[in-house]
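Understanding the architecture of this molecule
Chain residues, written in single-letter form:
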Amino acid sequence: MERIYLDNAATTPLDDEVIYCMVNVLKFNYGNPSSTHSLGQEAKTILEEVRRKIADSLRVTPGEIVFTSCGTESNNMIIKSAVNYLGVERIITSALEHKCVAETCLEMKKLKGVELVYLRPDSNGDFDLNKLEELLKNSDKKTLVTLMHANNEIGNILDIEKVAHLCKENNTLFHSDTVQTMAHLDLDFSKIPVDFASCSAHKFHGPKGSGFAFVRKSSGLKGIITGGPQERSLRAGTENVTGIAGLGKAWEISQEKMEDYKNYILDIKNYTIQQLKERIVGVKFNGRSADESSLYTVLNLLLPYKNPLIGLQLDMKGIAISQGSACSSGAAKPSMVLMSVLSEDDLENSTPVRVSFSHFTKKSDIDAFVNALEEIGKQFIIEKADSLHR
């Protein structure tokens, strides 16, 4: 059975060039980058070349790139350290954030007494930035704003530059979870005065277990993993040289081909929307995911019937999709994101499905997916009608 992968927001397949790069590093660059001998310094050189490459793309200094294991670690480090070391007493966030941000904020409230303020989205998943400005002006507490750049479920994109300038004007720290947009959108942090951001390599065809945090050098942030001077003492522990090399190669490819990939994937996404509208009667789209303003890799649709087994049924046909974020795949109820933007009627009587694309996705994959949805939908409606007549 041919397998069709439509869950790229959860993770992406490794690029062949990334695999080749990592195998070579595993074989020949096994030195500890903290060692002073030549093998160690060769490994160190790999780290610094990747750091410089990323910094150049983001228009920042290499010292502001801190290698971590993933976006979750980066977000945890930033939020916890901002509270523990930068005197943050209030966090402004939203119900649309990834669990690694949401749960870390709740932990800071419980353990450190931090005030949590939630910026509420409208039914499209958009925020009123005038309300954010009002919140920033109406408190003397040291504040951290943490809002993701693009939502991993519904694809809404935050005006990160406007938020960053609002925060700067109001002497407020700004952290953005940029895991879904790093290497997919061109980010210039010399123009966007964000203080902190995060990245995971596996979202753009790099390896799992490798990522980085952007930490503005003027912020004064300190590390929460101690025990060594690695990463400018912001993240102790021997660096994952192989993973960082893979991150660097994936980053390099994504920067070179960003526009080509974007145009190709956007064509696939638009084709998907067209096919769904034509062939699935009553289908809707959640948030801004079907709009031109949304993240081009993500589409969140609402099927016009309640079928909690849709993910399993598609998987049995060889099609991988998501019914929420990957970190919530075992949850029996809708995610906080969908509960924030959908009506009670939609939650009770419809089925949300997320599909997400990469440059490996083909139109034939979309045809197979929509065919499968048609078959499952027809069978589901027949079985439901039969059960009502028994």
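Residues numbered from 1 in each chain as written. Predicted model: local features only at pLDDT ≥ 70, side-chain atom pairs only at ≥ 80, totals over all residues. Heavy atoms only, no water.

Looking only at helices and strands, the protein features eleven helices and twelve strands. Taking 21 Å as the expected radius of gyration for a compact globule of 390 residues, we find that the protein reaches 22 Å, a close match to that expectation. Reported as C-alpha extents along the three principal axes, the dimensions of the protein are approximately 75 × 55 × 35 Å. Going through the 390 residues of the protein one by one, you find that 56% of them count as buried. Of the contacts formed within the protein by residues at least 6 apart in sequence, a portion of 74% connects residues at least 24 apart. For the protein, the separation between the mean place of its 45 positive charges and that of its 51 negative charges on side chains is 4 Å. (Helix = DSSP H or I, 4+ residues; strand = E, 2+ residues; numbered from the N terminus. Rg over C-alpha atoms; globule rule 2.2 N^0.38 Å. Buried < 20%, exposed > 50% of the residue type's maximum accessible area, 1.4 Å probe, protein only. Contact = heavy atoms within 4.5 Å. Lys, Arg positive; Asp, Glu negative; His and termini not counted. Charge placed at Lys NZ, Arg CZ, Asp CG, Glu CD.)

In this section: the nonpolar core. If you look at the biggest cluster of nonpolar residues, it comprises 83 residues, and the most contacted ones within it are L58, L132, F174, F189, F212, L276 and F369. Counting residues per element, this core draws most heavily on helix α7 (residues 241-279), at 13 residues. Shared between two domains, this core takes at least three residues from each, and those domains are domain 1 (4-10 + 258-389) and domain 2 (16-253). Those residues in contact with F369 that lie beyond four places of it in its chain are L6, L276, L314, I319, I321 and V355. Grouped together as the second largest cluster of nonpolar side chains are 22 residues, I79, V88, I91 and L144 included. (Core = buried A, V, L, I, M, F, W, Y, C linked by side-chain atoms within 4.5 Å. Domains from an automatic or database assignment.)

Where interface size is given, it is often the accessible area lost as the parts come together that is meant. Taken as a whole, the protein is organised into domain 1 (4-10 + 258-389) and domain 2 (16-253). For domain 1 versus domain 2, the separation of C-alpha centres amounts to 29 Å. Contact with domain 1, which involves 29 residues of that partner, is made by 28 residues of domain 2. Between domain 1 and domain 2 the total buried area reaches about 2,400 Å² when both faces are included, carbon and sulfur atoms providing 55% of it. Put simply, domain 1 and domain 2 have one salt bridge between them. The closest approach of N and O atoms between D126 and R288, which form a salt bridge, is 2.8 Å. (Buried area = accessible area lost by both parts, 1.4 Å probe. Salt bridge = Lys/Arg side-chain N within 4 Å of Asp/Glu carboxyl O.)

Along the polypeptide, D365 turns up in helix α11 (residues 363-388). We classify D365 as buried; its relative accessible area is 6%. Contact partners of D365, with chain neighbours within four places excluded, come to E2, I4 and F360.

Bringing the packing of helix α5 (residues 129-137) against helix α6 (residues 160-169) into the picture now. Contact geometry of α5 with α6 gives a least axis separation of 10 Å together with a crossing angle of 20°. In terms of axis orientation, α5 runs roughly parallel to α6. Here α5 and α6 pass one another in a crossing that is right-handed. Contacts between α5 and α6 pair L129, L132, E133 and L136 from the former with K162, V163, L166 and C167 from the latter. (Axes fitted to C-alpha atoms, helices over the stretch in contact; angles between N-to-C directions. Parallel < 35°, antiparallel > 145°, perpendicular 65-115°, else oblique. Left-handed = near helix turned anticlockwise from the far one by under 90°.)

Going through the model one piece at a time under the given rule, you end up with 24 salt bridges. Close ionic contact of D186 with R59 constitutes a salt bridge, the shortest N to O distance being 3.0 Å. Here the residue D186 occupies a position in the loop between β6 (173-176) and β7 (196-200), and R59 occupies one in the loop between α2 (38-58) and β2 (65-68), the gap between them amounting to 127 residues. E374 is paired through a salt bridge with R279; the nearest N and O atoms lie 2.9 Å apart. Residue E374 is found in helix α11, and its partner R279 is found in helix α7; the two are separated by 95 residues along the sequence.

Moving on to the side chain of S94. Looking at the element boundaries, S94 is found in the loop between β3 (90-93) and α4 (99-112). A relative accessible area of 2% means that S94 is categorised as buried. In this structure the side chain of S94 is engaged in a polar contact, spanning 3.0 Å, whose partner is the backbone nitrogen of L96. At 2.8 Å, the side chain of S94 and the side chain of E97 are in polar contact. With near-sequence residues (within four places) excluded, S94 lies in contact with Y118, L119, F127, T146 and L147. (Polar contact = N/O pair within 3.5 Å; in protein donor to acceptor, adjacent residues only side chain to side chain.)

This paragraph deals with the sheet that holds strand β9 (residues 284-285). In space, the three strands of this open sheet follow the order β9-β10-β12, with antiparallel pairing throughout. Bordering the open sheet on either side are β9 and β12 (351-356), each of which pairs with just one other strand. Pairing between β9 and strand β10 (residues 298-303): two bridges, direction antiparallel. By the bridge assignment, K284 is partnered in β10 with L302. (Pairing = 2+ DSSP bridges.)

So, about the pairing of β12. Counting buried residues along β12, six of its six residues qualify, which places the element largely inside the surrounding structure. In β12, alternate side chains face the same way, and those of T351, V353 and V355 on one face and P352, R354 and S356 on the other are all buried. Where β10 meets β12, six bridges bridge the pair, whose relative direction is antiparallel. By the bridge assignment, L302 is partnered in β12 with P352.

In this section: the environment of N270. Along the chain, the position of N270 falls in helix α7. Each C-alpha atom, one on N270 and one on Y296, is 9.2 Å from the other, the two residues being 26 residues apart in sequence.

Of all the residues in α5, the buried ones are L129, L132, L135 and L136. Projected down its long axis, α5 carries its buried residues within an arc of 110°, all on one side. Turned more than 90 degrees away from the buried face of α5, the exposed residues are N130 and K137. Looking at the buried positions of α5, the neighbouring elements they touch are β3, β4 (115-118), β5 (143-146) and α6. (Arc of directions from axis to C-beta.)

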